[in-house]
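# Residue-level structural notes
These are the residues of each chain, in order.
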Amino acid sequence: MKIAIVGFGFSAEKSHLPAYKNRSDIDVKAVVDPVTSRRAAALRQYPNIRVYEEFGDLLEEYSHEIDIIDVCLPSTFHLESVKQALEADKHVLCEKPLVLNKGEYDELVNIANERKRILYPCHNYKFAPSIVHATELINSGQIGKPLFASFNIFGANFQSELSQWKAELPKNQELSNGGIMIDHGLDAISVAQTLFGGCPQHISAHIRNLNKTNSQLEDLAIFCLDWEQKLINITVSSLGSIPKAYYIIQGTEGEISIDNNDIFLSVKNEPVKKIFVPTHFDEPGHGSWFNGLIDNLLDCIKTENTKPFSLIEAGIILDIIEKANHSSKNGGAWVRI
Ligand SMILES: NC(=O)c1ccc[n+]([C@@H]2O[C@H](COP(=O)([O-])OP(=O)(O)OC[C@H]3O[C@@H](n4cnc5c(N)ncnc54)[C@H](O)[C@@H]3O)[C@@H](O)[C@H]2O)c1
């Protein structure tokens, strides 16, 4: 499949590109980025590709050579670029969050359906090796029936070293990534869905902007999901200094905990088993998770599956986030999903 990357920043260079380089089924043909140094960085990696300042120019001149557009732009720009790509009859892989609200989501899903193109949001936590392994452990029945889970995901208000391009934006240009729920809340809900399947029925949330000096956006969310008779308690923050993630799942017969590259399985009356599963939650970008995601995208394209699971999940998560905001504004009251 021939691919063009739109936005050659941190995600494109550190996460997507290393995976593409090791695959014979993906051929990177072009990169779009308005910043000269970023186009130069792309050319250093792929001297024979075409580079464009404007996405419109690529679509006009080189569209016939491209099957998939990989959107790695800052989140505020996803809507317009994904729309342009779908309307040019391209399949689209888009970094998460696909868009920032349900109205924008519905608009893109309608276009993808009309054009019969695959629209695939990068919900990469579903492919994190320790999450995949823990899902297998739960499904094997070793901890019995899951009853309670607690996730703690601490991001680090991460500024990529490649973000100097922001200085070139017009003043007042809104670059919101949607705040902590859209950023890490999305990942946490996606992990819960991977581990347990199904959907939550109610949410109670407290969402705050504690470090007001950094941004107008919320940096902490503590929320509880009532998930088919399980309670899932989630804390996500961008207040940390390095990214960290801890997960605990307690069942009727035992417990699974995940601490970065280690899974601890404790089953009643048995010694705790430590399982090493290199996952590197503490490395931003999570490049090593990307291969499984690409396999799934290519499979959706091959089988003409226009409803990839991550696309359905993106809509459900945006709905949950709207309800979380409503709950938080009402003092953390339970809200039906
Ligand atoms: N899945 C993950 O784990 C993960 C991790 C980090 C970032 N992300 C997501 O990836 C996306 C990009 O984040 P990033 O950290 O790579 O950003 P970044 O700031 O490092 O890079 C953005 C790039 O887009 C370019 N750009 C800006 N405006 C453009 C335009 N109009 N047309 C083309 N290029 C343009 C910039 O020059 C820059 O090279 C965001 O949506 C973010 O949420 C996902």
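Cut-off values and rules
- Residues numbered from 1 in each chain as written.
- Predicted model: local features only at pLDDT ≥ 70, side-chain atom pairs only at ≥ 80, totals over all residues.
- Heavy atoms only, no water.
- Pairing = 2+ DSSP bridges.
- Helix = DSSP H or I, 4+ residues; strand = E, 2+ residues; numbered from the N terminus.
- Axes fitted to C-alpha atoms, helices over the stretch in contact; angles between N-to-C directions.
- Contact = heavy atoms within 4.5 Å.
- Patch = residues over 30% accessible without salt bridge, like charges linked within 9 Å, V, L, I, M, F, W, Y side chains within 5 Å.
- Areas by Shrake-Rupley, 256 points an atom, 1.4 Å probe, with all protein chains shown as cover.
- Salt bridge = Lys/Arg side-chain N within 4 Å of Asp/Glu carboxyl O.
- Lys, Arg positive; Asp, Glu negative; His and termini not counted.
- Charge placed at Lys NZ, Arg CZ, Asp CG, Glu CD.
- Buried < 20%, exposed > 50% of the residue type's maximum accessible area, 1.4 Å probe, protein only.
- Domains from an automatic or database assignment.

Here we have six strands laid out as an open sheet, ordered β3-β2-β1-β4-β5-β6, and parallel in their pairing. The open sheet has two edge strands with one neighbour each: β3 (50-52) and β6 (119-121). Sheet twist, expressed as the mean angle between neighbouring strand axes with direction ignored, is 20°. Sheet analysis places strand β4 (residues 68-71) next to strand β5 (residues 91-94), joined by four bridges and oriented parallel. For Asp 70, the partnering residue across the bridge sits in β5 and is Leu 93. Running over the sheet, helix α8 (residues 290-302) touches β4, β5 and β6 and is turned about 160° from β5.

On to a negative patch on the surface, then. Taken together, the side chains of Glu 54, Asp 57, Glu 60 and Glu 61 define an acidic patch exposed on the protein surface. Along the chain, the position of Glu 54 falls in the loop between β3 and α3 (55-62). A relative accessible area of 48% means that Glu 54 is categorised as partly exposed.

A separate point is the domain arrangement of the chain. Partitioning the chain into structural domains gives domain 1 (2-121) and domain 2 (125-291 + 316-336). One C-alpha centre belongs to domain 1, the other to domain 2, and the line joining them spans 26 Å.

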